[in-house]
Amino acid sequence: MAQFVKAVLFDLDGTLIDTAADFVRIIGNMSRENDWHAPSEVEIREQVSAGASAMVQLMLRHNDQLEVSEDALLSFRQQFLDDYEAAICVDSCVFNELEEVLTTLEEKGVPWGIVTNKPRYLAEQLLSIMQLDERCAALVCPDDVSRSKPDPEPMYMALEKLGIPRGAAGCVLYVGDHIRDIEAGNAAGMPTILAAYGYIPSEDQKNLKKWGADHIVDTPEQLNKLLLSSGKFEYL
(Lines give C-alpha, C1' and ligand atoms only; values in the text may rest on other atoms or scores of the structure.)
Protein backbone atom coordinates (compact mmCIF):
# COMPACT_ATOMS: atom_id res chain seq x y z
CA MET A 1 0.00 0.00 0.00
CA ALA A 2 1.41 3.39 -0.99
CA GLN A 3 2.23 5.94 1.69
CA PHE A 4 0.55 9.33 1.36
CA VAL A 5 2.97 12.27 1.11
CA LYS A 6 2.12 15.94 1.61
CA ALA A 7 5.66 17.36 1.16
CA VAL A 8 9.28 16.36 0.67
CA LEU A 9 12.21 17.91 2.54
CA PHE A 10 15.86 17.58 1.59
CA ASP A 11 19.20 18.21 3.20
CA LEU A 12 21.22 20.51 0.92
CA ASP A 13 24.91 19.62 0.45
CA GLY A 14 25.40 16.04 -0.66
CA THR A 15 21.68 15.28 -0.91
CA LEU A 16 19.96 17.72 -3.26
CA ILE A 17 22.94 19.68 -4.58
CA ASP A 18 26.41 18.36 -5.35
CA THR A 19 28.52 21.20 -3.95
CA ALA A 20 31.74 19.26 -3.37
CA ALA A 21 33.50 20.39 -6.54
CA ASP A 22 33.51 23.99 -5.35
CA PHE A 23 35.01 22.96 -2.00
CA VAL A 24 37.64 20.89 -3.81
CA ARG A 25 38.49 23.94 -5.91
CA ILE A 26 38.83 26.23 -2.88
CA ILE A 27 40.95 23.80 -0.85
CA GLY A 28 43.12 23.29 -3.93
CA ASN A 29 43.63 27.04 -4.33
CA MET A 30 44.45 27.50 -0.65
CA SER A 31 46.92 24.63 -0.77
CA ARG A 32 48.71 26.08 -3.78
CA GLU A 33 48.90 29.50 -2.15
CA ASN A 34 50.85 27.90 0.69
CA ASP A 35 52.97 25.62 -1.53
CA TRP A 36 51.18 22.59 -0.10
CA HIS A 37 49.72 19.49 -1.68
CA ALA A 38 45.94 19.43 -1.78
CA PRO A 39 44.04 16.48 -0.30
CA SER A 40 42.32 14.25 -2.84
CA GLU A 41 38.82 14.98 -4.07
CA VAL A 42 37.56 11.86 -2.27
CA GLU A 43 39.07 13.01 1.04
CA ILE A 44 37.54 16.47 0.74
CA ARG A 45 34.11 15.12 -0.24
CA GLU A 46 34.05 12.97 2.89
CA GLN A 47 34.55 16.08 5.06
CA VAL A 48 31.97 18.35 3.44
CA SER A 49 29.16 17.46 5.87
CA ALA A 50 31.47 18.21 8.81
CA GLY A 51 31.82 21.82 7.67
CA ALA A 52 34.48 24.40 6.86
CA SER A 53 36.67 23.73 9.87
CA ALA A 54 36.88 20.01 9.06
CA MET A 55 37.93 20.70 5.47
CA VAL A 56 40.57 23.21 6.58
CA GLN A 57 41.88 20.80 9.22
CA LEU A 58 42.07 18.07 6.58
CA MET A 59 44.22 20.35 4.44
CA LEU A 60 46.51 21.09 7.39
CA ARG A 61 46.84 17.43 8.41
CA HIS A 62 47.57 16.45 4.83
CA ASN A 63 50.55 18.80 4.89
CA ASP A 64 51.78 17.99 8.41
CA GLN A 65 50.71 21.41 9.66
CA LEU A 66 49.58 20.12 13.02
CA GLU A 67 51.03 22.83 15.24
CA VAL A 68 49.22 25.88 13.84
CA SER A 69 47.81 28.27 16.42
CA GLU A 70 44.11 28.65 17.07
CA ASP A 71 44.27 32.12 15.50
CA ALA A 72 45.87 30.69 12.37
CA LEU A 73 43.23 27.98 12.17
CA LEU A 74 40.47 30.58 12.45
CA SER A 75 42.18 32.67 9.78
CA PHE A 76 42.30 29.72 7.38
CA ARG A 77 38.65 28.95 8.09
CA GLN A 78 37.63 32.54 7.42
CA GLN A 79 39.59 32.58 4.16
CA PHE A 80 37.81 29.39 3.15
CA LEU A 81 34.40 30.92 3.88
CA ASP A 82 35.26 34.19 2.13
CA ASP A 83 36.52 32.38 -0.96
CA TYR A 84 33.42 30.20 -0.99
CA GLU A 85 31.04 33.13 -0.68
CA ALA A 86 32.87 34.95 -3.48
CA ALA A 87 32.46 32.02 -5.90
CA ILE A 88 29.81 29.80 -4.37
CA CYS A 89 28.46 28.16 -7.48
CA VAL A 90 31.15 27.58 -10.10
CA ASP A 91 30.75 23.81 -10.35
CA SER A 92 27.85 23.00 -8.02
CA CYS A 93 24.74 21.44 -9.54
CA VAL A 94 21.56 19.62 -8.63
CA PHE A 95 22.35 15.91 -8.47
CA ASN A 96 21.59 14.09 -11.68
CA GLU A 97 17.95 12.89 -11.86
CA LEU A 98 16.81 15.09 -8.97
CA GLU A 99 15.73 18.03 -11.14
CA GLU A 100 13.07 15.68 -12.50
CA VAL A 101 12.01 14.92 -8.94
CA LEU A 102 11.60 18.62 -8.12
CA THR A 103 9.73 19.34 -11.34
CA THR A 104 7.39 16.39 -10.88
CA LEU A 105 6.60 17.37 -7.29
CA GLU A 106 5.83 20.90 -8.44
CA GLU A 107 3.57 19.60 -11.22
CA LYS A 108 1.69 17.53 -8.64
CA GLY A 109 1.34 20.55 -6.35
CA VAL A 110 3.51 18.93 -3.67
CA PRO A 111 5.78 21.46 -1.91
CA TRP A 112 9.43 20.66 -1.36
CA GLY A 113 11.84 22.34 0.99
CA ILE A 114 15.32 22.24 2.50
CA VAL A 115 16.47 21.72 6.08
CA THR A 116 20.22 22.24 6.23
CA ASN A 117 23.06 22.97 8.63
CA LYS A 118 24.50 25.41 6.06
CA PRO A 119 24.43 29.04 7.28
CA ARG A 120 21.49 30.96 5.84
CA TYR A 121 23.57 33.62 4.07
CA LEU A 122 25.34 30.90 2.09
CA ALA A 123 22.27 28.73 1.50
CA GLU A 124 20.23 31.66 0.22
CA GLN A 125 23.00 32.80 -2.11
CA LEU A 126 23.48 29.31 -3.53
CA LEU A 127 19.76 28.74 -4.10
CA SER A 128 19.39 32.16 -5.71
CA ILE A 129 22.21 31.57 -8.19
CA MET A 130 20.78 28.15 -9.04
CA GLN A 131 17.31 29.68 -9.43
CA LEU A 132 15.87 27.38 -6.80
CA ASP A 133 15.03 30.04 -4.22
CA GLU A 134 11.53 30.78 -5.49
CA ARG A 135 10.80 27.10 -6.06
CA CYS A 136 11.80 26.05 -2.54
CA ALA A 137 8.71 26.22 -0.31
CA ALA A 138 10.62 26.16 2.99
CA LEU A 139 14.26 26.81 3.90
CA VAL A 140 15.41 26.17 7.46
CA CYS A 141 19.02 26.88 8.49
CA PRO A 142 20.86 26.79 11.83
CA ASP A 143 20.41 30.55 12.14
CA ASP A 144 16.65 30.02 12.40
CA VAL A 145 16.59 27.71 15.41
CA SER A 146 18.08 27.36 18.86
CA ARG A 147 19.00 23.69 18.27
CA SER A 148 20.07 22.44 14.84
CA LYS A 149 20.00 18.88 13.50
CA PRO A 150 20.04 16.22 14.88
CA ASP A 151 17.50 17.95 17.13
CA PRO A 152 14.03 17.88 15.54
CA GLU A 153 13.48 21.62 16.05
CA PRO A 154 14.44 22.50 12.43
CA MET A 155 12.07 19.82 11.15
CA TYR A 156 9.21 21.27 13.17
CA MET A 157 9.99 24.74 11.82
CA ALA A 158 9.87 23.38 8.27
CA LEU A 159 6.44 21.89 8.97
CA GLU A 160 5.29 25.27 10.27
CA LYS A 161 6.57 27.03 7.15
CA LEU A 162 4.73 24.50 5.00
CA GLY A 163 1.52 24.89 6.99
CA ILE A 164 1.54 21.23 8.01
CA PRO A 165 0.70 20.34 11.64
CA ARG A 166 3.19 18.27 13.62
CA GLY A 167 0.62 15.52 13.85
CA ALA A 168 0.91 15.07 10.08
CA ALA A 169 4.72 14.78 10.10
CA GLY A 170 4.33 11.17 9.01
CA CYS A 171 3.20 12.50 5.63
CA VAL A 172 6.41 14.49 5.07
CA LEU A 173 9.52 12.74 3.74
CA TYR A 174 13.00 13.82 4.75
CA VAL A 175 16.03 12.92 2.62
CA GLY A 176 19.58 13.37 3.95
CA ASP A 177 23.10 12.00 3.71
CA HIS A 178 24.25 12.31 7.34
CA ILE A 179 23.29 10.43 10.50
CA ARG A 180 22.10 13.71 12.03
CA ASP A 181 19.60 14.04 9.14
CA ILE A 182 18.14 10.64 9.83
CA GLU A 183 18.06 11.22 13.58
CA ALA A 184 16.33 14.60 13.16
CA GLY A 185 13.75 13.24 10.74
CA ASN A 186 13.03 10.20 12.89
CA ALA A 187 12.73 12.34 16.02
CA ALA A 188 10.17 14.53 14.25
CA GLY A 189 8.15 11.49 13.16
CA MET A 190 8.99 11.83 9.46
CA PRO A 191 9.75 8.89 7.17
CA THR A 192 13.45 9.17 6.33
CA ILE A 193 15.49 8.34 3.25
CA LEU A 194 19.27 8.03 3.49
CA ALA A 195 21.11 9.35 0.42
CA ALA A 196 24.08 6.99 0.58
CA TYR A 197 25.56 8.66 -2.51
CA GLY A 198 26.27 11.77 -0.44
CA TYR A 199 29.26 12.96 1.54
CA ILE A 200 29.68 10.00 3.87
CA PRO A 201 33.14 9.04 5.22
CA SER A 202 34.29 5.62 4.07
CA GLU A 203 34.53 4.34 7.66
CA ASP A 204 30.80 5.03 8.10
CA GLN A 205 29.65 3.27 4.94
CA LYS A 206 29.43 -0.16 6.58
CA ASN A 207 27.18 1.14 9.36
CA LEU A 208 24.50 2.87 7.29
CA LYS A 209 21.77 0.36 8.08
CA LYS A 210 22.26 1.11 11.77
CA TRP A 211 21.33 4.76 11.25
CA GLY A 212 17.65 3.83 11.24
CA ALA A 213 16.49 5.28 7.92
CA ASP A 214 13.28 3.90 6.46
CA HIS A 215 14.88 3.69 3.02
CA ILE A 216 18.46 3.78 1.71
CA VAL A 217 19.32 4.81 -1.86
CA ASP A 218 22.80 4.41 -3.33
CA THR A 219 22.45 6.82 -6.26
CA PRO A 220 20.39 9.86 -7.25
CA GLU A 221 18.79 7.63 -9.88
CA GLN A 222 17.59 5.27 -7.15
CA LEU A 223 16.15 8.22 -5.22
CA ASN A 224 14.35 9.36 -8.37
CA LYS A 225 12.87 5.90 -8.85
CA LEU A 226 11.92 5.54 -5.18
CA LEU A 227 10.10 8.87 -5.12
CA LEU A 228 8.50 8.82 -8.54
CA SER A 229 7.95 5.33 -9.86
CA SER A 230 8.37 2.72 -7.14
CA GLY A 231 4.72 2.84 -6.09
CA LYS A 232 5.74 3.33 -2.46
CA PHE A 233 4.49 6.92 -2.26
CA GLU A 234 1.28 8.60 -3.33
CA TYR A 235 1.23 12.39 -3.37
CA LEU A 236 -1.71 14.33 -1.98
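Residues numbered from 1 in each chain as written. Predicted model: local features only at pLDDT ≥ 70, side-chain atom pairs only at ≥ 80, totals over all residues. Heavy atoms only, no water.

**Digging into the environment of Phe 95**
Tracing the chain through its elements places Phe 95 in the loop between strand E4 (93-94) and helix H5 (98-107). Between the C-alpha atoms of Phe 95 and Asp 18, which are 77 residues apart in sequence, the distance is 5.7 Å. Look past the residues within four positions of Phe 95 in its chain and what remains in contact with it is Gly 14, Thr 15, Leu 16, Ile 17, Asp 18, Tyr 197, Tyr 199 and Pro 220. (Helix = DSSP H or I, 4+ residues; strand = E, 2+ residues; numbered from the N terminus. Contact = heavy atoms within 4.5 Å.)

**Notes on the sheet that holds strand E6 (residues 138-140)**
Pairing within the open sheet is parallel, and its six strands lie in the order E6-E5-E2-E7-E8-E9. The sheet terminates laterally at E6 and strand E9 (215-217), the two strands that pair on one side only. Averaged over all neighbouring strand pairs, the angle between strand axes comes to 20°, with direction disregarded. By the bridge criterion, three bridges tie strand E7 (residues 172-176) to strand E8 (residues 192-195) in an arrangement that is parallel. Paired with Val 175 across the bridge in E8 is Ile 193. Contacts between helix H7 (residues 153-162) and the sheet are confined to strand E2 (7-10), strand E5 (112-115), E6 and E7, with E6 contributing the most and set at about 155° to the helix. (Pairing = 2+ DSSP bridges. Axes fitted to C-alpha atoms, helices over the stretch in contact; angles between N-to-C directions.)

**Observations concerning the side chain of Lys 118**
For Lys 118, the location among the structural elements is in the loop between E5 and helix H6 (120-129). According to the relative accessible area criterion, Lys 118 is buried, its value standing at 7%. Here the side chain of Lys 118 touches Asp 13 through a polar contact of 2.9 Å, side chain to side chain. A polar contact of 2.9 Å, which involves the side chain of Lys 118, links it to the side chain of Tyr 84. Not counting residues within four places of it along the chain, the set of residues in contact with Lys 118 comprises Leu 12, Asp 13, Phe 23, Tyr 84, Ala 123, Leu 126, Cys 141, Pro 142 and Asp 143. (Buried < 20%, exposed > 50% of the residue type's maximum accessible area, 1.4 Å probe, protein only. Polar contact = N/O pair within 3.5 Å; in protein donor to acceptor, adjacent residues only side chain to side chain.)

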